[in-house]
Amino acid sequence: MHRRASAIDDFTGGWALVSGAARAEGLGFAFAGQLAAAGLNLVLTDVLDDELSARAGELAARFGVEVRTAACDLGEAAPYPAIEQAVADIDVDVLVCNHMYTPAETPPILDMPLETHSRMIDINARGYTNLIHRFGTDMRTRGRGAIVVVASGAGLTSAPYTAAYSANKAFQIALGEALWYEMRGTGVDVLVMVGGLMNTQGDALDRYPRYPIAEPEDVVREVISAVGRKHLVVPGVANRMFLLAQTRLMSRRRTVSVIGGFMARGLGKS
Ligand SMILES: NC(=O)c1ccc[n+]([C@@H]2O[C@H](COP(=O)([O-])OP(=O)(O)OC[C@H]3O[C@@H](n4cnc5c(N)ncnc54)[C@H](OP(=O)(O)O)[C@@H]3O)[C@@H](O)[C@H]2O)c1
């Protein structure tokens, strides 16, 4: 039987919406680039308006696809007017939920202001739900589409000193996996990406060992090829080995202790 190179190829000539796509070194921009290379037109959304326009111009010039921007704060209540305006005359076939708000400082849970916790939940949990609900219902009606939920290994285990992030990612994984199950047979593929450390943060990862840090282009290649074939993808060998140890070989108590030590070193906590 003929096997498609990627289910994403089915959407060539259609439209993809990628959230959190404004930063040149970010994963969202890498997704946008590879989707554009596959011939999809793009709606890019992010809170960073000027950077978003710059990225859109670069992709349109490089790949000859149409690229629209919708700058908005995904922590606001839905619907998002800028996104609605951008998609008014198109169908979105591919949704990549990738945006993420993480504060520069990640203190222990009770030392992080409650407003910061709330803002993270608004953007990272509610914002994902808002986009998935908005475009997932349309896809289900049309009987075609693909949704990629960009989560993290930090959502499969608990990560002290970045616990709010970890909890937000656990939300995304739980929502995405259940969505995959519920959408089987509808024509809509759902894929949860459980990412490890990636080279998207400039020097912010300087204190971590280098070997587990993946390049975003490699990660996106692996994720895109898994659409329509898997329900969850853990890109990168080092990431898979870490998660195997953390989720299968160690007790949860041991895992949270090991990760606590790793995060303390990585984030420079005493
Ligand atoms: N980098 C890693 O090591 C790693 C590991 C595992 C998983 N991931 C996941 O991969 C995804 C991309 O990560 P990345 O490292 O490429 O991060 P990133 O560049 O920070 O991407 C996130 C984008 O979302 C934007 N954003 C923040 N708040 C927003 C809001 N309220 N509304 C709309 N957009 C908003 C960010 O803008 P600002 O720059 O203004 O915040 C940024 O442009 C995230 O979901 C992340 O959790 C990353």
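Each residue is numbered by its place in its chain's sequence as written, counting from 1. This being a predicted model, a pLDDT of at least 70 is required before a residue's local features are given, and a value of 80 or more before pairs of side-chain atoms are given or counted; all residues contribute to the totals for chains, interfaces and linings. Side-chain measures were taken over the full set of non-hydrogen atoms in the model, leaving aside hydrogen atoms and water.

## A few points about the nonpolar core
No. 1: For our purposes a nonpolar core is just a set of buried Ala, Val, Leu, Ile, Met, Phe, Trp, Tyr and Cys residues, chained together by side-chain atoms within 4.5 Å. Here's how the labels work: a residue is buried when its accessible area is under 20% of the maximum for its type, exposed when over 50%, partly exposed in between, all with a 1.4 Å probe on protein chains only. Counting residues in hydrophobic clusters, the biggest one holds 69 residues, and the most contacted among them are F31, L44 and I83.
No. 2: Ranked by the residues each element gives to this core, the list is headed by helix α1 (residues 27-37), at 7 residues.
No. 3: The residues contacting F31, other than those within four sequence positions of it, are V18, V96, V148, V150, M193, V220, V223 and I224.
No. 4: In terms of nonpolar packing, the next biggest core, distinct from the first, is built from 6 residues, A159, Y208, I259 and M263 among them. A run of DSSP states H or I qualifies as a helix once it reaches four residues; a run of E qualifies as a strand once it reaches two. Both are numbered from the N-terminal end. Any two residues whose heavy atoms approach within 4.5 Å are treated as being in contact.

## Observations concerning the pairing of strand β5 (residues 145-152)
No. 1: The buried fraction of β5 is high, at 8 of 8 residues.
No. 2: Neither face of β5 is exposed, since G145, I147, V149 and A151 on one face and A146, V148, V150 and S152 on the opposite face are all buried.
No. 3: Think of it this way: DSSP has to see at least two bridges between two strands before they count as a pair. Across 4 bridges, the pairing between strand β4 (residues 94-97) and β5 is parallel. Following the sheet pairing, L95 is matched in β5 by I147.
No. 4: As a crossover connection, the stretch from β4 through helix α4 (residues 114-142) into β5 is right-handed.
No. 5: Here the term right-handed applies to a crossover when the path leading from its first strand over the helix to its second strand runs clockwise, the strands being oriented away from the viewer. After leaving β5, the chain enters helix α5 (residues 163-183) and then returns to the sheet as strand β6 (residues 188-195), a path that is right-handed.

## Considerations on the side chain of N41
No. 1: Mapped onto the elements, N41 comes out in strand β2 (residues 41-46).
No. 2: When its relative accessible area of 13% is taken as the criterion, N41 is described as buried.
No. 3: In this structure the side chain of N41 is engaged in a polar contact, spanning 2.9 Å, whose partner is the backbone nitrogen of E66.
No. 4: Excluding residues within four positions of it along the chain, N41 makes contact with G13, G14, W15, A16, V65 and E66. What qualifies as a polar contact is a pair of N or O atoms within 3.5 Å, subject to a donor-acceptor requirement within protein and to the restriction that residues adjacent in sequence count only when both atoms come from side chains.

## With respect to the environment of R68
No. 1: Position of R68 among the secondary structure elements: in strand β3 (residues 67-71).
No. 2: With 19 residues separating them in the primary sequence, R68 and V87 have C-alpha atoms 8.9 Å apart.
No. 3: Residue contacts for R68: discarding those within four places in its chain leaves W15, L42, V43, L44, A86, D89 and I90.

## Focus: the packing of α1 against helix α6 (residues 216-226)
No. 1: Interaxial angles span 0 to 180 degrees and are taken between N-to-C directions of axes, which are lines fitted to C-alpha atoms, for helices over the stretch in contact. At a minimum axis separation of 9 Å, α1 and α6 run at an interaxial angle of 55°. By the angle between their axes, α1 is oblique relative to α6. Crossing handedness for the pair α1 and α6: right-handed. Where α1 abuts α6, its residues L27, A30, F31, Q34 and L35 lie against P216, E217, V219, V220, R221, V223 and I224.
No. 2: Charged residues are taken to be Asp, Glu, Lys and Arg, nonpolar residues to be Ala, Val, Leu, Ile, Met, Phe, Trp, Tyr, Cys and Pro, and polar residues to be all remaining types, Gly included. The residue makeup of the contact of α1 with α6, split by class, is 9 nonpolar, 1 polar and 2 charged. With respect to orientation, any angle under 35 degrees is reported as roughly parallel, any angle over 145 as roughly antiparallel, any angle of 65 to 115 as roughly perpendicular, and every other angle as oblique. By convention, the crossing between two helices is left-handed when the near helix turns anticlockwise from the far helix through less than a right angle, and right-handed when the turn is clockwise.

## Some thoughts on the packing of aromatic side chains
No. 1: Two aromatic rings, drawn from Phe, Tyr or Trp (for Trp, its six-membered ring), form a pair once their centres lie within 6.5 Å of each other, and the interplanar angle then sorts them: stacked below 30 degrees, edge-to-face above 60, tilted otherwise. Counted according to the given criterion, the structure contains 3 aromatic pairs.
No. 2: Where Y211 meets F242, the ring centres are 6.3 Å apart and the plane angle is 25°; that geometry is what we call stacked. Here Y211, found in the loop between β6 and α6, pairs with F242, found in helix α7 (residues 237-249); they are 31 residues apart in sequence, far enough to count as distant.
No. 3: By relative accessible area, Y211 is classed as exposed at 62%.

## Looking at the sheet that holds β6
No. 1: Strands sit in the order β3-β2-β1-β4-β5-β6-β7 across an open sheet of 7 strands; the sheet is parallel. The sheet is open, and its two edges are formed by β3 and β7 (232-233), each paired on a single side.
No. 2: When β5 meets β6, the two strands line up parallel, connected through 8 bridges. Residue G145 lies in a different strand from β6, and its bridge partner there is V188.
No. 3: Packing against the sheet, α5 makes contact with β5, β6 and β7, and its axis sits at approximately 155° to β5.
No. 4: Packing of α6 onto the sheet brings it into contact with β5, β6 and β7, and relative to β6 it is tilted by some 150°.

## Brief notes about the packing of α4 against α5
No. 1: Where α4 contacts α5, the axes come no closer than 9 Å and their chain directions differ by 15°. In terms of axis orientation, α4 runs roughly parallel to α5. Once α4 is placed against α5, the crossing between them reads as right-handed. In this structure, α4 contributes H117, M120, I121, N124, A125, Y128, T129, I132, G136 and R140 to the contact, and α5 contributes A164, Y165, N168, K169, F171, Q172, L175, L179 and M183.
No. 2: Considering only residue class, the contact of α4 with α5 consists of 11 nonpolar, 6 polar and 2 charged.

Geometric values such as these leave the question of function open.
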